[in-house]
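Understanding the architecture of this molecule
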Amino acid sequence: MRRITRLAAVATILPLALAGCGSGDDSGGGSGSAQAPEKTEISYWLWDSNQLPAYQACADAFHAANPEITVKISQFGWADYWTGLTTNLVSGNAPDVFTNHLNYYPEFAAKQQILPLDEFVAADGTKTDVYAPGLADLWVSADGKRYGLPKDFDTVAIFYNKKMLDDAGITEDQMKSLTWNPDDGGTYEKIIAHLTVDKNGKRGDEAGFDKKNVKVYGLGLDENNGAGVGQQMWSMYALSTGWQFTDKNPWGTKFQYDDPRFQKTIAWWRGLIDKGYMPSLAIARSGTSVNDGFGAGKYALSTNGSWMINTYYGYDKVEVGTAPTPVGPSGKRATIYNGLADSIYAGTKHKDQAWRWVKYLASADCQKTVGDKAVVFPAIPEALTVAEEKFKAKGIDISAFTVQIHENTTSLFPITDHASDIGAVMGPAMDAVLSFEAEPSSLSKANDEVNALFQ
Amino acid sequence: MRTGIGRQSGTAEPRPETSPPRSGAPAPRPRRRAGDLPVAMVFLLPAAVGFAAFYLWPALRTAYLSFTDYSLLAPPEWAGLDNYRRLLGDRLFWNSLKVTVEYVVINIGVQTIAALGMAVLMHRLTRSGLIRGVLLLPYLVANVVVALIWYTMLDAQLGIVNQALEWIGLDPVAFFGETSTAIPTIALVNVWRHVGYTALLLFAGLQAIPKTVYEAAATDGASEARMFWRITMPLLRPALALVLVLTVIGSFQIFDTVAVTTKGGPINATRVIYYYIYEQAFQRFNFGYAAAVCVALFAILAGLALLQLKLLRAGDSDLD
């Protein structure tokens, strides 16, 4: 015990030296005897309960290989996770290692709450180019330091109700070649209209369609408006016009919500509400989530992220298929490409052990274990193949999500400072537009407020 | 009617308010000497420690933080009156006050009248412990659970309440989703949870009114309505004042129902003051500013409580 304290003291002065000597020390203990005296427990947090079994399996395998280190995993819901994490950072009790998100890490890095991994990476010669292209770079901050190693990624696609498609005479091949533009909505809007059915059984594109009494909406509306990102709500449309969130990404300092392409996209999107093809904001907000609405047969299509696959496919008596998002005016599809990573708390007392756990989480071994559970898409391509096969065995084809990676049509999640302030401005602003209390042009004013944060 | 009153006063006379205090605090009462002070301190200590640790210190620290720029992860920086200046010009702060007041008016208005009605009914008609228990039931369910259950039941497309509305030929209502109905919905959900509890508090107040007063009124041939306005209301006033002060303060602190249902939306329709404070502090890390909003709220509530106590003369009873 005393030895660890001494090590920790040295660690503050010479992190590099510790990384080297610490691992030599530990591996010696490991091979010597099973009852090595220096047992440590490190804590690890994640927010997705679906992934808990996968990471518990990783933790067990890690413990088997490193008997002196035990990993204690805690899982919290998305909202509690960040509040809990922040307060624990303040009180100095944050977990040694935690799952990090692109929306949050810039703030943690700027406030020096997470550890740069560069020295560990250099000392161990850890490869950072084994991941799907671009994922590792997301975690290099504006100052050039690396704050996380990739674990998984997600993209957005369209979930559809197969029976409703059949009834409407729309083929799955048609779904794969949809086009969209902000003026008339392209073939995408046509099928949304056709999939919408009112109480009398009239379809959205038929004469006499009663938009006030819709039984099944062609497209579901998410209970969140996605604030300034709209990841699974509107970003795939806006980005397919060639519009970008910021002047540059990552680390842009000027947002472009005043761009006509963005505002026209939002105008088209909310136009679906007016036409009766998509529920009003009030309905979407009144109690159940968009996925539960889909599961209950209220929506024919629903755009959502790959992390929701098991939820959508899990509904009873609903046959589900997926299609990639439509091709936009730019001639390409679009989706946000978001990646998660594991970060180390700057105040951890077990830097070396934490690093070894992060390294293991980011390794092909652990990512294959995770892939084997078919819950998310691992960041390492060979582990993704494992996941792909496991999904297929469950009857789920994930190509609608991965096609955009192969065709190189993905856009990075907007990584900037002030993410939570931007959300606080854009959330209500988008609400006002979606509920027809403000025009899409009002988003230019919100854009000014957002950009003022960077001044 | 008359016999009813007679029977009630006859059986209830020796019970509630007289016996428990007597058995609870026996001997030391009459002999109050200065020498008791150390002993008193010992007994006060546990409560005092709790008060200091969980109320006084956080309050002082909040007051201090309200003069700083504090983002939680970096040490606070003195900012003088900046936060208060910003507060005066913050459209969302004033909006949150407006929304909160709207909530309190609906919540307290409906709840107090309904609770008073229930309390009087219990007092005049039944002594059933079962009914009292049933009234208290919603209060035994956690706030968050109550909020989530109503949220699900009131869903515009799948909620059972809207199914029922449809059966009787009405259009579905997006109770939590419309800017116009969100606050009344949240206010009424909380009325549902708290009305039984409030009714019991008032019921306890009613039991403190001597039965003889009612008997005298009944002998004089006073109607039930007249007894309510001339006897019940004036004599209940101190209890009612206390209940009002407590429920109004509690009502201003509406947070959990909003946090698990509307999250401040749609737009800013339910961004009540406590939710606004929470957002500023824990989502946007503006702890200094959030503290300033807290201090403003504290001042408003203290003023309100004082005003209520003054206006309702809660300190003295008309019984003496």
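Going by the annotation in an unreviewed UniProt entry, the name recorded for chain A is Sugar ABC transporter substrate-binding protein, with Microbispora triticiradicis given as the source organism. One UniProt comment on chain A, placed under Sequence similarities (unreviewed entry), says "Belongs to the bacterial solute-binding protein 1 family."

Moving on to the state of the cysteines. All names here are of chain A. In total, this model carries 1 disulfide over all chains according to the counting rule given. For Cys58, the disulfide goes to Cys366, at an S-S distance of 2.2 Å. Since a negative S-S torsion denotes a left-handed disulfide, the Cys58-Cys366 link at about 100 degrees is right-handed. Taken together, the residues Cys58 in helix 3 (residues 52-65) and Cys366 in helix 16 (residues 364-372) connect sequence positions 308 residues apart. Cys366 gets classed as buried once you look at its relative accessible area, which sits at 0%.

What follows covers the interface of chain A and chain B. Contact with chain A, which involves 31 residues of that partner, is made by 27 residues of chain B. Between chain A and chain B, a total of about 2,500 Å² is buried, with carbon and sulfur atoms accounting for 61% of that surface. If you sort the residues of chain A by the area they bury against chain B, Lys111, Arg285 and Ser286 of chain A come out on top, with a joint share of 19%. For the pair chain A and chain B, the number of links is 1 salt bridge. When the shortest N-O distance is used, the salt bridge between Arg284 of chain B and Asp421 of chain A registers 2.7 Å. The interface formed by chain A and chain B includes 10 residue pairs in polar contact (both at pLDDT 80 or more). The set of elements that each furnish at least two residues to the side of chain A that touches chain B consists of helix 4 (78-91), helix 5 (105-110), helix 12 (281-284), helix 13 (290-295) and helix 19 (419-434) of chain A. For the side of chain A that touches chain B, the element with the most residues is helix 19 of chain A, which contributes 6 residues. A class-by-class count of the residues in the side of chain A that touches chain B yields 12 nonpolar, 10 polar and 9 charged.

On to the pairing of strand 8 (residues 299-305) of chain A. Looking along a regular strand, one sees the side chains alternate between the two faces of the sheet. Residue and element names in this part refer to chain A. Within strand 8, 7 of the 7 residues are buried, leaving the element largely enclosed by the surrounding structure. Where strand 5 (residues 156-161) lies against strand 8, 5 bridges are found, and the strand directions are antiparallel. Along strand 8, the bridge assignment pairs Ala157 with Asn304. Pairing geometry for strand 7 (residues 214-219) and strand 8, over 2 bridges, is parallel. Bridging from a neighbouring strand, Tyr217 pairs with Tyr299 of strand 8.

Residue and element names in this part refer to chain A. Read from one edge of the open sheet, 5 strands run 6-7-8-5-9, paired in mixed fashion. In this open sheet, the two edge strands, each paired with only one partner strand, are strand 6 (197-198) and strand 9 (320-323). Against the sheet, helix 9 (residues 186-195) contacts strand 5, strand 6, strand 7 and strand 8, and its axis sits at roughly 135 degrees relative to strand 8.

Next up on the list: the packing of helix 19 of chain A against helix 20 (residues 443-452) of chain A. Residue and element names in this part refer to chain A. Relative to each other, helix 19 and helix 20 sit at 175 degrees, their axes nearing to 10 Å. Relative to helix 20, the element helix 19 lies roughly antiparallel. Residue-level contacts link Ile422, Val425, Met426, Ala429, Met430 and Val433 of helix 19 to Leu443, Ala446, Glu449 and Val450 of helix 20. Counted by class, the contact of helix 19 with helix 20 contains 9 nonpolar, no polar and 1 charged residues.

So, how was this worked out
- Residues numbered from 1 in each chain as written.
- Chains lettered and ligands numbered in written order.
- Predicted model: local features only at pLDDT ≥ 70, side-chain atom pairs only at ≥ 80, totals over all residues.
- Heavy atoms only, no water.
- UniProt positions renumbered as here; feature names shortened; annotations may be inferred.
- Disulfide = S-S within 2.5 Å.
- Helix = DSSP H or I, 4+ residues; strand = E, 2+ residues; numbered from the N terminus.
- Buried < 20%, exposed > 50% of the residue type's maximum accessible area, 1.4 Å probe, protein only.
- Contact = heavy atoms within 4.5 Å.
- Buried area = accessible area lost by both parts, 1.4 Å probe.
- Salt bridge = Lys/Arg side-chain N within 4 Å of Asp/Glu carboxyl O.
- Polar contact = N/O pair within 3.5 Å; in protein donor to acceptor, adjacent residues only side chain to side chain.
- Nonpolar A, V, L, I, M, F, W, Y, C, P; charged D, E, K, R; others polar.
- Pairing = 2+ DSSP bridges.
- Axes fitted to C-alpha atoms, helices over the stretch in contact; angles between N-to-C directions.
- Parallel < 35°, antiparallel > 145°, perpendicular 65-115°, else oblique.

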